[in-house]
Amino acid sequence: MKHIIFDIGGVLIDFDFPRLAEALSAGTGQDPDRLLPLFDRDAVHDVETGRTGPETFFRETMSPVLPGLTYEGWIGAWMDNYSVNEPGWALLEEARDQGRTVSLLSNLSPYNQVAIDRKWPHFFQATHHNLYSYDLGLHKPDPDIYRAASRRLGVDPSCCCFLDDREENVTSARQTGMQALRFENDRIPEIRDALGLAASGSVRS
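What you are looking at is a predicted structure, and each value in this text was computed from that prediction instead of being measured.

**Observations concerning the overall build of the protein**
Here is step 1 of the chain: Counting its secondary structure elements, the protein contains 11 helices and 7 strands.
Here is step 2 of the chain: Counting only C-alpha atoms, the protein reaches 50 × 35 × 25 Å along its principal axes.
Here is step 3 of the chain: In the protein, which comprises 205 residues, the share counted as buried stands at 51%.
Here is step 4 of the chain: Sequence-distant contacts in the protein: of pairs separated by 6 or more residues, those separated by 24 or more amount to 69%.
Here is step 5 of the chain: Here the protein displays about 9100 Å² of accessible surface, and carbon together with sulfur accounts for 47% of that area.
Here is step 6 of the chain: Here the protein contributes 20 positive and 31 negative side-chain charges, whose respective centroids are spaced 4 Å apart.

**Examining the sheet that holds strand 7 (residues 179–182)**
Here is step 1 of the chain: Taken together, the 5 strands give an open sheet; going across it, the order is 5-4-1-6-7, and neighbouring strands pair in parallel fashion. Each edge of the open sheet carries a strand with a single partner, namely strand 5 (129–132) and strand 7. Direction aside, neighbouring strands of the sheet carry axes that sit 20° apart on average.
Here is step 2 of the chain: Both strand 1 (residues 3–6) and strand 4 (residues 101–106) contribute to a ladder of 4 bridges, which runs parallel. Residue pairing for strand 4: Ile 5 is matched across the bridge by Ser 103.
Here is step 3 of the chain: Packing of helix 10 (residues 167–175) onto the sheet brings it into contact with strand 6 (160–164) and strand 7, and relative to strand 7 it is tilted by some 170°.

**With respect to the pairing of strand 6**
Here is step 1 of the chain: Of all 5 residues in strand 6, 5 are buried, a share of seventy percent or more.
Here is step 2 of the chain: Burial along strand 6 is two-sided: the residues Cys 160, Phe 162 and Asp 164 and Cys 161 and Leu 163 are all buried.
Here is step 3 of the chain: In this structure, strand 1 lies alongside strand 6, joined through 4 bridges in parallel fashion. The residue of strand 6 that forms the bridge with Phe 6 is Leu 163.
Here is step 4 of the chain: Taken together, the 4 bridges between strand 6 and strand 7 define a ladder with parallel strand orientation. Paired with Leu 163 across the two strands is Leu 181, which belongs to strand 7.
Here is step 5 of the chain: Regarding topology, helix 10 serves as the crossover connection from strand 6 to the parallel strand 7, and that connection is right-handed.

**Some words on the confidence of the model for the protein**
Here is step 1 of the chain: When the pLDDT values of the protein are averaged, the result is 94; 97% of them are 70 or greater.
Here is step 2 of the chain: Every residue in residues 201–205 scores below 50 in pLDDT, and together they form 9 contacts with partners more than four places removed in sequence or on other chains.

**Remarks on the pattern of salt bridges**
Here is step 1 of the chain: Summed over all chains, the structure comprises 12 salt bridges.
Here is step 2 of the chain: The shortest N-O distance in the salt bridge between Arg 166 and Glu 168 comes to 3.6 Å.
Here is step 3 of the chain: Note on Glu 168: relative accessible area 36%, which makes it partly exposed.
Here is step 4 of the chain: In this structure, Arg 182 and Glu 167 form a salt bridge, with 3.3 Å as the shortest nitrogen-oxygen distance. A residue pair is termed long-range when its members are at least 10 positions apart, and Arg 182 in strand 7 and Glu 167 in helix 10 qualify at 15 residues.
Here is step 5 of the chain: Residue class for Arg 182 comes out partly exposed when judged on its relative accessible area of 28%.
Here is step 6 of the chain: Where salt bridges share partners, they join Asp 7, Lys 140 and Asp 164 into one cluster.

**Topic: the nonpolar core**
Here is step 1 of the chain: Counting residues in hydrophobic clusters, the biggest one holds 49 residues, and the most contacted among them are Phe 6, Leu 24, Trp 74, Tyr 111, Ile 116, Phe 123 and Leu 163.
Here is step 2 of the chain: Among the elements that take part in this core, helix 5 (residues 71–81) stands out by supplying 5 residues, more than any other.
Here is step 3 of the chain: For Leu 163, the contacting residues outside a window of four places in its chain are Ile 4, Ile 5, Phe 6, Asp 7, Val 11, Leu 91, Leu 181, Ile 191 and Leu 195.
Here is step 4 of the chain: Ile 5, Ala 148, Phe 162 and Ala 173 belong to the second-largest nonpolar core, a separate cluster that totals 17 residues.

Scoring rules and cut-offs
Residues numbered from 1 in each chain as written. Predicted model: local features only at pLDDT ≥ 70, side-chain atom pairs only at ≥ 80, totals over all residues. Heavy atoms only, no water. Helix = DSSP H or I, 4+ residues; strand = E, 2+ residues; numbered from the N terminus. Buried < 20%, exposed > 50% of the residue type's maximum accessible area, 1.4 Å probe, protein only. Contact = heavy atoms within 4.5 Å. Areas by Shrake-Rupley, 256 points an atom, 1.4 Å probe, with all protein chains shown as cover. Lys, Arg positive; Asp, Glu negative; His and termini not counted. Charge placed at Lys NZ, Arg CZ, Asp CG, Glu CD. Pairing = 2+ DSSP bridges. Axes fitted to C-alpha atoms, helices over the stretch in contact; angles between N-to-C directions. Right-handed = clockwise from strand over helix to strand, strands pointing away. pLDDT = per-residue confidence, 0-100. Salt bridge = Lys/Arg side-chain N within 4 Å of Asp/Glu carboxyl O. Core = buried A, V, L, I, M, F, W, Y, C linked by side-chain atoms within 4.5 Å.

Written out as structure tokens, the structure is:
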């Protein structure tokens, strides 16, 4: 498979909503259980599909329940929450170094992109194409996001393999004709075989 498309969260980057809620609670005095629903897929749908700007979302949705937190502080909280999933990142580098076209496709808000870019300036330069829900105007698991992604890549969906940690996203990608694999760290040998990658040592950036 020539074109391999990676999700970000749960594949290349680890994060934890309860931990983020606890950190925001410590800084603002809010009950973390009150904050958790604000990270639900439905709650962030408009900002992650570009219907609402990131600063407007923060001002209207987050700021009222996070007194004293600035937009920059909001980005910083995400930066603190993120960590690289080393096995997933090594798989991306392995695929790229073996001549595959590697791309990103993620449900993402611009503030998430800023947080990642500030923490790891090389992150978005490691791939050939970067496709974000806020730019495409679509949200996984809508099958149309995979069709839009393949159009951006200039290939038929059947030429792509999509890796995601959520089964519903994998299932919807398959509906468009993409090959799609559920990602878990302990399944990487199986995934590597399915992608036809030659055995090699991990390459770290």
